[in-house]
Amino acid sequence: MTLHTEAVERYFAAWNATEPDRIAAAVSAAWTPDGGYTDPMAEVVGRDEIAELIAAVHRQFPGFTFRPVGTVDGHHDVARFGWELVSPTDGSTPVAGFDVLTLAADGRIRTVSGFLDRVPTGAA
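Let us look at the structure shown here. (Residues numbered from 1 in each chain as written. Predicted model: local features only at pLDDT ≥ 70, side-chain atom pairs only at ≥ 80, totals over all residues. Heavy atoms only, no water.)

Right, let's get into the overall build of the protein. A tally of helices and strands in the protein yields three helices and six strands. Secondary structure elements of the protein occur, N-terminal to C-terminal, as α-α-β-β-α-β-β-β-β. Within the span of the protein, comprising 124 residues, buried residues form 43% of the whole. Long-range contacts, defined here as pairs at least 24 residues apart, represent 45% of the contacts in the protein between residues at least 6 apart. For the protein, the exposed area adds up to about 6,700 Å²; of that, 55% sits on carbon and sulfur atoms. (Helix = DSSP H or I, 4+ residues; strand = E, 2+ residues; numbered from the N terminus. Buried < 20%, exposed > 50% of the residue type's maximum accessible area, 1.4 Å probe, protein only. Contact = heavy atoms within 4.5 Å. Areas by Shrake-Rupley, 256 points an atom, 1.4 Å probe, with all protein chains shown as cover.)

Within the element layout of this structure, isoleucine 50 appears in helix α3 (residues 47–60). What makes isoleucine 50 buried here is its relative accessible area of 1%. Separated by 19 residues in sequence, isoleucine 50 and tryptophan 31 place their C-alpha atoms 9.0 Å apart. Excluding anything up to four places from it in sequence, isoleucine 50 contacts Val27, Trp31, Gly35, Gly36, Tyr37 and Val44.

A word on the nonpolar core. Core analysis: the biggest nonpolar cluster contains 33 residues, and Tyr11, Trp15, Val27, Trp31, Tyr37, Leu101 and Ile109 have the highest contact counts within it. Looking at this core, the elements with two or more residues in it are α1 (3–16), α2 (20–30), β1 (31–39), β2 (42–45), α3, β4 (78–86), β5 (95–103) and β6 (109–118). In this structure, isoleucine 109 is in contact with Ala7, Tyr11, Ala30, Trp31, Thr32, Gly35, Leu101, Thr102 and Leu103, ignoring residues within four places of it in sequence. (Core = buried A, V, L, I, M, F, W, Y, C linked by side-chain atoms within 4.5 Å.)

The next thing to look at is the pairing of β2. What you see with β2 is a clean split: Ala42 and Val44 sit on the buried side and Glu43 and Val45 on the side with no burial. Relative to β2, β1 runs antiparallel, the two being bridged by four bridges. Counted as the bridge partner of aspartate 39 is alanine 42 from β2. Here β1 folds back onto β2 in antiparallel fashion, the turn holding two residues. (Pairing = 2+ DSSP bridges.)

Among all positions of α2, only Ile23, Ala26, Val27 and Ala30 are buried. End-on view of α2: buried residues confined to an arc of 100°, all on one side of the axis. Its buried side turned inward, α2 meets α1, β1, α3 and β6. (Arc of directions from axis to C-beta.)

Before going further, it helps to spend a moment on the pattern of salt bridges. According to the stated counting rule, one finds seven salt bridges in the structure shown. Between arginine 22 and glutamate 19 there is a salt bridge, with its nearest N and O atoms 3.5 Å apart. Look at glutamate 19 and you get partly exposed, because its relative accessible area is 45%. By sharing partners, the salt bridges in this structure join Arg67, Glu84 and Arg118 into a single network. (Salt bridge = Lys/Arg side-chain N within 4 Å of Asp/Glu carboxyl O.)

This is the structure:
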């Protein structure tokens, strides 16, 4: 397993955590203390703000999980990968996109640049 793949696995563990304590622990394992996350609908910095963003997504999409699409592509301190948000009831994927991570020397995430390919109408 590569540094890039491990970072993305920790990233998905954070996004799939649902309880506040588990979200906080997973975010701490995945991101540097001053790490950030940016996509067309959000821009947050620091572990607390990232954890709150994840909790907000779970409030909007209760029971949904994030899963990778394809393989992780990485070089140097950068990784990119596709993902989708999966409904627990019918397996539909109303939200999908790809993210680009910049990693710190220890393999934790410094920044995420997220791109949304599919979002439900009225979600913005």
